[in-house]
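Overview (structure and organization)
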Amino acid sequence: MNWDDTRIFLALTRAPSLRAAARSLGIDQATVGRRLNALESVLGAKLFLRAKDGYLLTPAGEAALAAARRMEGAAVDLRTKIEGQDENPGGLVRVTSTDSIATDLLLPAIERLQKHWPNIRVDLEVSTQLLSLSRRQVDIAFRNVRPETPDLVVRRLVSWPVGVFASASYLARFGEPVPEDELRGHQLVAYGPYLEQSPFLTMAGVSARQARIAMTVRSSLLVRKAVAAGIGIGEMPLWMGDREGLVRIWPQRRRSTDYEVWQVMHPDLQRTARVRAAVEFLSAAFDVQ
């Protein structure tokens, strides 16, 4: 079972069809089917049952899956260690962050990086999903939550205080809320994941039981833009609200938890020239206060 056949086998375990597996590998569907038939012939066993809803592993396929995953892990480890010896500051660096961080901080930093190291190409993915560094889906991650994986290099870059903001047009229409009224008569722009974590929404520690949620989003950038559009009141880091030209409500109050940003890398990549160069420029972008 060679590595090329293993890649096809693993792709079929993660995709619902030959077509989807072929697309993930960047090859045509006929090649996937032909290689699978050849692999099953060499092994002398059927690895999949062809069902209406996709390819299902047989007992032989389940046994092969464990070996294939070990082979994939070894291949990823070899690639990481070889790249770790590279001292040429050029090539691809995969970066992931939230949309707000990417727009305000990383894009200007990437422009500065390109001026200094034009042979480095940055692949920037904006996502709230925790893409895997250990499986090399990404080289550098900027996350709002400290990852639990112990074998990663984690560094807290910033801890920004968070306040409550509204647009001037919103305040002209609704007035400034009174903390003791639990935001009665006011509209909120809520960050969706916070609602999932707690049944009671607060703004800078003030209960918002009497407020109406006008909009829920899963993007910190959209929170800012919705507040700027006058849709409602929202929480955000102080410097972001100031940059957006918003009015801070209750300047004496702030959220009990700050907005933290963590830089996360695989330990072997610290010795990779292009990743090291990218980290130098990208991490410097967070000095905004």
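To be clear, the structure that these remarks concern was listed above.
Here we summarise the structure given alongside this text. (Residues numbered from 1 in each chain as written. Predicted model: local features only at pLDDT ≥ 70, side-chain atom pairs only at ≥ 80, totals over all residues. Heavy atoms only, no water.)

1. Here we look at the overall build of the protein chain
Of the regular secondary structure elements, the protein chain holds 10 helices and 14 strands. Along the longest, intermediate and shortest principal axes, the C-alpha atoms of the protein chain span 75 × 50 × 30 Å. As presented, the protein chain carries roughly 15,100 Å² of accessible surface, and 51% of it is formed by carbon and sulfur atoms. Between the mean site of the 38 positive side-chain charges and the mean site of the 32 negative ones, the protein chain shows a separation of 3 Å. (Helix = DSSP H or I, 4+ residues; strand = E, 2+ residues; numbered from the N terminus. Areas by Shrake-Rupley, 256 points an atom, 1.4 Å probe, with all protein chains shown as cover. Lys, Arg positive; Asp, Glu negative; His and termini not counted. Charge placed at Lys NZ, Arg CZ, Asp CG, Glu CD.)

2. Here we look at the packing of aromatic side chains
A full pass over the atoms with the stated rule returns eight aromatic pairs. Taking the centre distance of 5.5 Å and the plane angle of 50 degrees together, the rings of F9 and F48 count as tilted. With F9 in helix 1 (residues 3–14) and F48 in strand 1 (residues 48–51), this pair connects stretches of sequence that are 39 residues apart. Residues F9 and F48 agree in their burial class; the two are buried. With centroids separated by 5.1 Å and ring planes inclined at 75 degrees, the aromatic side chains of Y191 and Y194 adopt a geometry described as edge-to-face. Y191 sits in the partly exposed class, given a relative accessible area of 22%. By way of ring pairs, the aromatic residues F142, W160, W239, Y259 and F286 are connected into one cluster. (Phe/Tyr/Trp six-rings, centres within 6.5 Å; stacked < 30°, edge-to-face > 60°. Buried < 20%, exposed > 50% of the residue type's maximum accessible area, 1.4 Å probe, protein only.)

3. As for the side chain of S100
Among the structural elements, S100 can be located in helix 5 (residues 99–116). Classification of S100 by relative accessible area gives buried; the value is 0%. Those residues in contact with S100 that sit more than four places away from it in its chain are S220, L221, R224 and M240. (Contact = heavy atoms within 4.5 Å.)

4. Details of the packing of helix 2 (residues 18–25) against helix 3 (residues 29–43)
Running from N to C, helix 2 and helix 3 point in directions that differ by 105 degrees, and their axes come no closer than 8 Å. As the angle between them shows, helix 2 and helix 3 are arranged roughly perpendicular. On helix 3, the residues that touch L18, R19 and A22 of helix 2 are Q29, V32 and G33. Partitioned by chemical class, the residues of the contact of helix 2 with helix 3 number three nonpolar, two polar and one charged. (Axes fitted to C-alpha atoms, helices over the stretch in contact; angles between N-to-C directions. Parallel < 35°, antiparallel > 145°, perpendicular 65-115°, else oblique. Nonpolar A, V, L, I, M, F, W, Y, C, P; charged D, E, K, R; others polar.)

5. Remarks on the nonpolar core
Judged by nonpolar contacts, the single largest core of 30 residues is most densely connected at V95, I140, F142, W160, V261 and F286. Where this core is concerned, the elements lending two or more residues are strand 3 (91–97), helix 5, strand 4 (120–126), strand 5 (140–143), strand 6 (153–160), helix 9 (238–243), strand 14 (259–265) and helix 10 (273–284). The contact partners of F142, leaving out residues within four places of it in the chain, are V95, T96, S97, T98, L106, L157, V261, W262, Q263, L282 and F286. Counting residues in hydrophobic clusters, the runner-up holds 20 residues, among them F9, A11, A20 and L65. (Core = buried A, V, L, I, M, F, W, Y, C linked by side-chain atoms within 4.5 Å.)

6. So, the sheet that holds strand 7 (residues 162–166)
Ordered by their spatial adjacency, three strands build an open sheet running 12-7-13, and the pairing between neighbours is antiparallel. Looking at the sheet topology across the chains shown, the edges are occupied by strand 12 (234–237) and strand 13 (247–249). Neighbour to neighbour, the strand axes of the sheet diverge by 55 degrees on average, direction disregarded. Pairing of strand 7 with strand 12 involves four bridges; the strand directions are antiparallel. Within the sheet, the bridge partner assigned to V162 lies in strand 12 and is P237. (Pairing = 2+ DSSP bridges.)

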